[in-house]
Amino acid sequence: MKPVGIEAINAYLGETYVDVPTLFAARKLDDSRIENLMMARKSVALHCEDAVSFAVNAAKPIVDALTEEERGRIELLIVGTESGVDFGKSLATYVHDYLGLPRSCRLFETKQACYSGTAAVQMAAAVVAASPFDGAKALVISSDVARPVPHTYVEPSQGAGAVAMLISDEPVVASFDRGANGFHSYEVMDTCRPDPEAEAGDVDLSLLSYIDCLKGSFTDYASKVEGADLVDSFDLLAMHTPFPGMVKGAHRAVLRKLKRMSPQAIEDDFNARLSAAVEYPPPGRQHLRRHRLPGPGQHHRQRRDRGRAPRRRLLLRLRLRLGVLQRRHHPPSRSGRSGPWASARPWTPATSCRCRSTTSCSSPPRS
C-alpha cells in the first residue's frame, strides 16, 4: 500500500488584525475573560476579501512551486468552507480558475461547520490512495470569513483565514495512518449562519459540545483499537482550534474525566503534546510564503490602481471607528532569496467582483 499524506502546506491570514484586549475595551466586554481565549490578535477581513481570495492566497505558493508536469497531476480540488458565495456552484470553481489548475481536475465544496476541512482531507487521501497512477495529487483548502455579532463574546475569537494542503503519495510534512477513526456526531444549535452575512451562536453551548465530541470520538476510537489510551497512544496532538483557550479547556476536561489526572499533570501534558499546535506562527517560523498572481498586462495594472484608493479609505474608516485596527508590517525578503519563500504581494480582488488585483503585503500576527 503506497504512503499518502501531506506533501506541502501553507496558511494565509489576511493583511489586517485587531488586538483582542483593545477590542474587549472598545466593546465594553468583561476583560476577565480575555485570558480564557489565549489570544492576542484576530484577523480582520477587508471589504475586498472573501473566502475565495483567502483560499487563493493560501494555495498559490504551493501551486507556483510545482512544475507544469506536477501541476497537471492535481486531479482533485476540494474547498471546505462555511462562507460560500454561491448557492448553486461551489467556491472551488473560482479557486480553480484563479490558480490556473488543469481542466482534468474534479472540484467541489464541502460544508459541515468545523469538520468540512478534515472531511476534505480524508476524501482527498482516499482518492490519491485509490488512484492507479503514481504521483496523483489533490489540493485541499479550508477557507472562512467569520461574521460574528458585534458586542458579543463570540466576536473577539472569530477572524478569517485559509490553510491549503497538497495531498499526494510523496508525503513530506506528514504521512497518514490509514487505520481506525473515532466518530461522534449529533445536532446542536451552538452556531448558525442563515445567510452569508449573518452569524449567531452560543459560546457556552459550543464549548460543552466540543468537550462532548472530543470525549465521544476517542471513546469510539478506543472501542475499535484494543489498548488505545488517550495519553500513551499519541506522542503529539493536533485539535480543531476555534480559539486556543477552547482547546486547552477541552483537553483539561477530557483528561480529568477519562484519566483522573491531577491539574499539574494535565498542564504538563498540554505543554508537552498540544501547546505547539495552538501557537501562531509556529515556533521558529516567522514568515508566510506569498506570491503575486500574474495579471493580463496593462489592463491588470489599471484595475489594480483603481482598487487602491477605496482600500486606503476603508482602512482609515476602520481605524477611526474602532481605534484598534492595524496594518501588519511585512519584513523584506532575504537578500537574493527567490522561489516559494520569497516575499511578494498577496492576491485579492479589488472590488466585489473577482477581478485580479494585487495589494500591499504584510506579515502574520502572533496569537
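Every value quoted in this text rests on a predicted model; they were computed, and no experiment measured them.

Reading the values: rules and limits
- Residues numbered from 1 in each chain as written.
- Predicted model: local features only at pLDDT ≥ 70, side-chain atom pairs only at ≥ 80, totals over all residues.
- Heavy atoms only, no water.
- Buried < 20%, exposed > 50% of the residue type's maximum accessible area, 1.4 Å probe, protein only.
- Helix = DSSP H or I, 4+ residues; strand = E, 2+ residues; numbered from the N terminus.
- Pairing = 2+ DSSP bridges.
- Core = buried A, V, L, I, M, F, W, Y, C linked by side-chain atoms within 4.5 Å.
- Expected span 1.5 Å × (residues − 1).
- Contact = heavy atoms within 4.5 Å.
- Polar contact = N/O pair within 3.5 Å; in protein donor to acceptor, adjacent residues only side chain to side chain.

## Brief notes about the pairing of strand E1 (residues 5–12)
Burial within E1 is extensive, with seven of its eight residues counted as buried. Two strands pair when backbone bridges link them, and E1 and strand E7 (residues 160–168) are joined in this way by seven bridges, in the antiparallel orientation. Pairing of Ala8 across the sheet is with Leu166, part of E7. Pairing of E1 with strand E8 (residues 174–175) involves two bridges; the strand directions are antiparallel. Paired with Gly5 across the bridge in E8 is Ser175.

## Remarks on the nonpolar core
The biggest cluster of nonpolar side chains holds 30 residues, and the ones touching the most others in it are Leu77, Val95, Leu99, Leu139 and Ile141. Within the residue set of this core, elements represented by two or more residues are E1, helix H3 (51–64), strand E4 (74–80), helix H5 (91–99), strand E6 (137–145) and E7. The dominant element in this core, judged by the number of residues it contributes, is H3, at nine residues. If you look at the next biggest cluster of nonpolar residues, it comprises 26 residues, including Leu37, Leu237, Met239 and Met261.

## Comments concerning helix H6 (residues 116–130)
Over its 15 residues, H6 runs 21 Å from end to end, which matches the ideal 21 Å to within 8%, given 1.5 Å per residue. Three or more residues of H6 are buried, namely Ser116, Gly117, Ala119, Ala120, Val121, Ala124, Ala125 and Val128. Considering only its buried residues, H6 is in contact with E4, strand E5 (106–110), E6 and E7.

## Remarks on the side chain of Asp50
In this fold, Asp50 is placed in the loop between strand E3 (41–44) and H3. Reaching out from Asp50, the side chain makes a polar contact with the backbone nitrogen of Val52 at a distance of 3.0 Å.

## Side note on the sheet that holds E7
If you trace the six strands from one edge of the open sheet to the other, you get E5-E4-E6-E7-E1-E8, paired in mixed fashion. Pairing within the sheet leaves two strands with one partner each, and these edge strands are E5 and E8. Where E6 and E7 come together, nine bridges link them in antiparallel fashion. Paired with Leu139 across the bridge in E7 is Leu166.

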